[in-house]
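Results of the structural survey
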Amino acid sequence: MTKQTDKQQQTQELLDFQAKLKSLHEVSGELSQTDSFDDFCRLAVELGCSRLGFDRLGLWFVDTDPRFIIGSFGIDEQGQIRDERGQRHELRPMDDVSVEMLKSESRRSVRLNIPLLNDKTETVGFGDRVRGNLWDGDRLLGWLSADNLIRQEPWSHYQIELLGLYAASLGHLIARKRTEEALRAKEEGARQFQEKLKALHEVSFELSKTHSFDDLCLRAVELGRSKLGFDRLGLWFLDSDPEFMVGSFGIDEHGQVRDERKQRLPVRAGEYMQELLAGRVFAATRNDVPIYNDCYKIVGTGWKAVAQMWDGDQNIGWVSVDNLLSRQPPADYELELLSLYATTLGHLAAVRRTEETLAAERTLLRTIIDAVPDFIYVKDTEGRLLLVNKACQEDTPQVSTEAEMLGKTDFDFFSRDYAEQFWADDQQVLTSGMSIKNVEEPGRSKDGQARTILTTKVPLKDTHDRVIGLVGVSHDITDLKRIERQALELAVERERVNVLRESITSISHDLRTPLSIINSSLYLLEHITDPEMQKDKLQSIKLQTALLEQRIEEILLSARLENTPEVSRSPVNFSRLVASILQSLYPIAERRHLTIVTDLQFNLPDVLGDQTEFERILDNLIRNAIAYTPDGGSIELRTFVQDNRVGVEVSDTGIGISEDDLPYIFDHFFRVDKSRSMDKRGMGLGLAIVKRIVEMHDGTIEVESTVGQGSLFRVLLPTLPEN
């Protein structure tokens with residue numbers, strides 16, 4: 001009897017299973033007709049209970065982060081359907097079944113006599129739980145979970161099998177529904193994006209009509225919210241110090257436009273800012289991040305995106321948006337729309353900034369040129385005036401405003417002679433493309449007085465380097481020229497007097513010394529009777545007389561050379577002349593224990609000139625070296641040929657000449673510090689005479705000297721032409 005009953009029960013369960021399979025087919029058909037994924041999930045739970053006979057059901061899906069699962073709909077502990085779309089739970093390691101299902105390709109799992117939970121993960125009873133995996137091919141989408149909390153009836157083999165089949169059917173339908181919904185969302189997003197692009201075009205046109213940078217920023221925020229649909233946005237620009245950013249306008253936490261132009265905050269090196277600043281990344285976005293107000297205080301969390309504003313290849317700032325007010329996730333196209341908007345704003349902001357900068361510079365330039373007392377003007381290639389400053393207006397006859405001068409030429413205001421000279425100078429600049437600087441031009445003042453104008457004219461060029469006009473600056477130097485003439489005349493007279501005074505003082509000093517010695521010697525001759533002493537005094541008188549004769553000869557020679565334009569010229573054997581001079585000066589050097597070193601080139605070509613004057617050159621240079629070289633030093637004489645010229649160098653190991661004295665050593669009566677001289681008898685005419693003789697023979701003389709190391713004098717004289 002029992003066996004028959006069990007068999008009947010099995011038969012009944014099989015019939016019920018077959019009926020449920022039929023219902024499963026019908027349920028699948030109904031689910032495929034749902035309009036949305038959420039409707040599908042809700043109906044799947046409802047029909048699973050009402051038509052397929054499951055006690056308590058719930059649909060769970062694997063999150064984009066596979067460590068978490070998210071809910072959809074389920075049956076609560078009272079048997080009512082419950083919205084569990086806000087549920088998100090982390091898969092814990094101790095939940096072996098869930099982890100096992102995720103790692104395997106099984107269709108279902110069964111656990112008996114376990115705690116059964118509510119939506120708060122609280123235990124509400126004990127019973128059996130069966131889970132069926134939702135597969136899309138080989139990808140696990142989630143699972144269908146069922147238990148017997150309400151009826152407490154044990155699961156039959158057919159019910160477990162039915163749940164597995166239902167889960168398999170749902171997996172296929174879920175994949176299809178998600179695809180359909182994604183396509184619809186994509187189509188709707190594309191339609192919305194097209195609408196936003198149209199709105200962006202209208203916004204760009206409206207922003208292009210703004211008149212200032214601040215007006216542009218204000219309208220950009222207003223229109224970005226009202227027409228482009230951004231929730232909360234703000235415009236920030238990089239400061240002159242790139243470590244800081246400055247605000248403009250933005251939407252506050254209450255949805256009102258806020259003036260943030262006084263805000264200056266450090267550029268925060270957050271993760272998304274690093275992406276933006278590291279390279280040309282147009283936009284970056286983050287979810288679940290802190291959202292700040294204008295004081296950089298956190299006022300909430302949510303979605304945030306930042307898009308850079310570019311001026312060419314230079315980042316000038318960024319547009320920041322978030323969802324603090326709406327709390328809605330961003331649309332798929334929103335980041336791209338933000339990037340396009342930021343690009344538009346970058347271009348417009350750069351244009352407005354440039355326009356304002358140019359306007360400010362134009363105002364500043366106009367103020368400056370009108371304040372300058374000089375005459376400033378701009379002309380085109382035909383000489384027509386394009387700009388004149390206030391000084392030009394006030395100084396031009398029969399003119400009171402700039403408008404009366406613009407478009408006219410110099411021929412409309414000045415005499416023909418003056419205008420033609422101005423025109424000639426203009427043409428020189430326009431045709432050559434080169435500036436003329438500080439050119440003195442004649443002119444007349446507004447009251448007809450003659451004057452002198454100092455003018456500079458520079459070419460005005462376009463971006464292709466073509467001359468399109470000129471800019472002129474003229475300064476009235478009439479008074480300055482008069483003062484310069486007076487100052488020059490006074491300076492010349494003063495210099496003449498000074499030179500005369502210094503010459504007389506120097507000559508009188510150099511002549512007075514030997515005269516004093518002669519007078520003293522004559523006095524002693526009259527009062528002494530010792531023949532030897534008389535002989536010494538007579539010798540002293542002879543020496544001083546010779547010295548006087550030498551001084552007078554130097555003065556007369558210097559005067560003669562200064563007033564003699566030419567010298568007699570004949571071929572001179574320079575090698576023989578050098579040997580002769582050396583022979584006469586060796587004894588003087590030996591008395592001072594000086595060594596004369598020679599490096600002489602034999603058979604030097606002849607030079608054309610006065611042999612006596614050539615001897616004077618060498619004699620003066622060598623004697624000068626002897627005079628300024630301490631005992632035991634050396635003097636070197638070198639001759640050579642260089643570029644059709646005979647050269648001679650006289651160098652010494654003497655005291656040298658300071659940099660302050662070098663420019664004056666060839667001046668008449670100039671002598672170095674007497675305390676440093678080895679020979680205090682010179683008048684300061686030797687080097688002046690040497691230079692004059694060299695120049696009269698078309699030669700050159702150079703000097704190199706280092707204090708404490710010595711000096712080198714180099715003379716170059718033209719050789720005799722071959723014919």
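Notes on the structure follow. Every residue gets a number counted from 1 within its own chain, in the order that chain's sequence is written. A pLDDT threshold of at least 70 governs which residues receive local features in this predicted model, and a stricter bar of 80 or more applies before side-chain atom pairs are shown or counted, although totals over entire chains, interfaces and linings include all residues. Neither water nor hydrogens contribute to the side-chain values; these are computed over all heavy atoms in the structure.

1. Topic: the pairing of strand 19 (residues 467–476)
Here strand 15 (residues 375–380) pairs with strand 19 via six bridges, running antiparallel. Each residue of the ladder has a partner; that of Lys 379, found in strand 19, is Leu 470. Paired strands, as defined in this entry, are two strands with at least two bridges between them according to DSSP. Runs of H or I in DSSP of at least four residues are treated as helices and runs of E of at least two as strands, each being numbered from the N terminus. Here strand 18 (residues 450–461) pairs with strand 19 via nine bridges, running antiparallel. Bridging from a neighbouring strand, Ile 453 pairs with Asp 476 of strand 19. Hairpin connection from strand 18 to strand 19: five residues lie between these consecutive antiparallel strands, with Asp 465 at a positive phi of about 65°.

2. Things to note about helix 5 (residues 213–226)
Helix span, expected: 1.5 Å multiplied by one less than the number of residues in the helix. Between its first and last C-alpha, helix 5 extends 20 Å over 14 residues, near the 20 Å set by a 1.5 Å rise per residue. Every buried residue belonging to helix 5 is among Phe 213, Leu 216, Cys 217, Ala 220, Val 221, Leu 223 and Gly 224, and all of these are buried. Residues of helix 5 that are buried sit in contact with helix 4 (157–208), strand 8 (232–238), strand 9 (244–251) and helix 7 (334–371). For helix 5, the N-terminal cap is Ser 212; the gap from its side-chain oxygen to the backbone nitrogen of Asp 215 is 3.1 Å. The buried label goes to any residue with under 20% of its type's maximum accessible area, the exposed label to any with over 50%, and the partly exposed label to all in between, with areas taken from a 1.4 Å probe on protein chains only. Whether two residues touch is decided by their heavy atoms; if any such pair falls within 4.5 Å, the residues are in contact. Here a polar contact is taken to be a pair of N or O atoms separated by no more than 3.5 Å, where protein atoms must pair a possible hydrogen donor with a possible acceptor and residues adjacent in sequence count only if both atoms sit in side chains.

3. Re the side chain of Asp 610
Of note, Asp 610 is situated in the loop between strand 22 (607–609) and helix 13 (611–627). Assessed through its relative accessible area of 17%, Asp 610 is described here as buried. A polar contact is formed between the side chain of Asp 610 and the backbone nitrogen of Thr 612, at a distance of 2.9 Å. Not counting residues within four places of it along the chain, the set of residues in contact with Asp 610 comprises Ser 568 and His 697.

4. As for the nonpolar core
Within this scheme, the nonpolar core is defined by two criteria: the residues are buried Ala, Val, Leu, Ile, Met, Phe, Trp, Tyr or Cys, and they are joined through side-chain atoms within 4.5 Å. Phe 574, Ile 617, Leu 621, Ile 622, Phe 713 and Val 715 are the most contacted members of the largest nonpolar core, which has 36 residues in total. Sorting the residues of this core by element identifies helix 12 (574–591), helix 13, strand 23 (634–641), strand 24 (645–652), helix 14 (686–696) and strand 26 (710–718) as the ones contributing at least two each. Setting aside anything within four residues of it in sequence, one finds Ile 622 in contact with Ile 581, Leu 582, Leu 585, Leu 637 and Val 650. Judged by nonpolar contacts, the second largest core, of 34 residues, contains Phe 213, Leu 228, Leu 337 and Leu 338.

It is worth stressing that arrangement in space is one thing and function is another; only the former is reported here.
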